[in-house]
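# Commentary on secondary and tertiary structure
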Amino acid sequence: MSLADFLASRWEDILAVSWWHLRLSLMAVGLALAIGLPLGIASHMNRFAAAVVLNTVSVIYTVPTLALFGLMIPLLGIGVIPAIVAVVLYSLLPVVQNTYTGLANIDPNLREVAVGMGMGRFTRLFRVELPLALPVIFAGLRVAVVNAIGMVTLASLIAAGGLGDFIFRGISIMSWNLVLAGSVPVLAMALGADYVLKRTEQRLSRSREGAAP
């Protein structure tokens, strides 16, 4: 069967699995953002927290992705939950590190102006510092999303579904139609997400420059 005929006969399955793959990726990144953003802020505010948190997420990031999924099996079993936990852990580094870096690199003069206007620490954080750090934070989010889309491909190895099902099944039976049905949507999602988030990051950077004195 030609690739065109295969896609014509299986397009509904491919769309459904692609949507599930994207949902898994976005759920994992959303959780990583919810966890990583406060950790990055805490690291900026406390040197001890910075040492502990940044070193911990860096160590997790060095674990090979396949090994990380393997570690999930004795801890959480197989299925969606261990897959999401693995992707969340792997996505923490770019979120935490970029949040910390974005806040640390803000011009001290802007902080002094905010203090002079009577802003407290948390008011200054949410009204001045986080908006200025947003382009850098968004760059970390972009890396996390693209990494998650690729990493979720391996989630099929622990029965979480996704486009990896097509890829690994195609490899096992030497069906390149199945391999392409899985790999092409993953590539399209990763490139599309990278493009959209990069454009958003550029707009945020221009807004920041326009707001700068």
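Reading guide: rules and limits
- Residues numbered from 1 in each chain as written.
- Predicted model: local features only at pLDDT ≥ 70, side-chain atom pairs only at ≥ 80, totals over all residues.
- Heavy atoms only, no water.
- Core = buried A, V, L, I, M, F, W, Y, C linked by side-chain atoms within 4.5 Å.
- Buried < 20%, exposed > 50% of the residue type's maximum accessible area, 1.4 Å probe, protein only.
- Helix = DSSP H or I, 4+ residues; strand = E, 2+ residues; numbered from the N terminus.
- Arc of directions from axis to C-beta.
- UniProt positions renumbered as here; feature names shortened; annotations may be inferred.
- Salt bridge = Lys/Arg side-chain N within 4 Å of Asp/Glu carboxyl O.
- Patch = residues over 30% accessible without salt bridge, like charges linked within 9 Å, V, L, I, M, F, W, Y side chains within 5 Å.
- Areas by Shrake-Rupley, 256 points an atom, 1.4 Å probe, with all protein chains shown as cover.
- pLDDT = per-residue confidence, 0-100.
- Polar contact = N/O pair within 3.5 Å; in protein donor to acceptor, adjacent residues only side chain to side chain.
- Contact = heavy atoms within 4.5 Å.
- Phe/Tyr/Trp six-rings, centres within 6.5 Å; stacked < 30°, edge-to-face > 60°.

### Details of the nonpolar core
In terms of nonpolar packing, the biggest core is built from 42 residues, with Phe69, Val87, Val145, Ile149 and Met151 touching the most fellow members. Secondary structure elements with two or more residues in this core: helix H1 (3–45), helix H2 (47–62), helix H3 (65–76), helix H4 (80–104), helix H6 (121–151) and helix H8 (176–211). Top contributing element to this core by residue count: H4, with 9 residues.

### Regarding helix H7 (residues 164–172)
Gly164, Phe166, Ile167 and Gly170 are the residues of H7 that are buried. Buried positions in H7, seen along its axis, are confined to an arc of 165 degrees and lie on one side of it. Count one or two residues on from H7 and you reach Met174, which has phi positive near 60 degrees.

### Notes on the UniProt feature "domain: ABC transmembrane type-1" (unreviewed entry) in the chain
Within this numbering scheme, the UniProt entry marks residues 18–197 as carrying the feature "domain: ABC transmembrane type-1" (unreviewed entry). As annotated, residues 18–197 has a helix share of 84% and a strand share of 0%, and its two end C-alpha atoms lie 19 Å apart.

### Looking at the pattern of salt bridges
Within this structure, the stated rule accounts for 4 salt bridges. With its nearest N and O atoms 3.1 Å apart, the salt bridge here joins Arg10 to Asp13. Of this pair, Arg10 and Asp13 are both found in helix H1, 3 residues apart, which corresponds to roughly one turn of the helix. In this structure, the salt-bridge partner of Glu129 is Arg124, at a minimum N-O distance of 3.3 Å. Judged by its relative accessible area of 4%, Glu129 is buried. Overall, the relative accessible area of 15% leaves Arg124 in the buried class. What emerges from the salt-bridge pattern is a single network uniting Arg142, Asp194 and Glu201.

### What about a nonpolar patch on the surface?
Nonpolar side chains collect at one region of the surface, where Leu3, Leu7, Leu180 and Val184 lie side by side and expose about 290 Å² of accessible area between them. With respect to the helices, strands and loops of the structure, Leu7 is situated in helix H1.

### Digging into the confidence of the model for the chain
Taken as a whole, the chain shows an average pLDDT of 89; of its residues, 96% reach a score of 70 or greater. Per-element averaging of pLDDT across the chain places helix H5 (residues 108–116) at the bottom with 78 and H4 at the top with 94.

### Remarks on the side chain of Ser91
Relative to the elements of secondary structure, Ser91 occurs in helix H4. A distance of 2.7 Å separates the side chain of Ser91 from the backbone oxygen of Val87, its partner in a polar contact. If near-sequence neighbours (up to four positions away) are discounted, Ser91 is found in contact with Ala32, Ala144 and Ala148.

### Section: the environment of Ile106
Looking at the secondary structure, you find Ile106 in the loop between H4 and H5. Exposure remark for Ile106: the relative accessible area of 3% places this residue in the buried category. Along the backbone, Ile106 and Leu24 are 82 residues apart, and their C-alpha atoms lie at a distance of 34 Å. Not counting the four nearest positions on each side in its chain, Ile106 is found in contact with Arg111, Glu129, Leu132 and Ala133.

### A word on the packing of aromatic side chains
Here the structure, examined in full by the defined rule, presents 1 aromatic pair. Between Tyr61 and Tyr90, the aromatic rings sit 4.6 Å apart at their centres with planes inclined by 20 degrees, giving stacked as the arrangement. In this pair, Tyr61 sits in helix H2 while Tyr90 sits in helix H4, placing the two residues 29 residues apart along the sequence.

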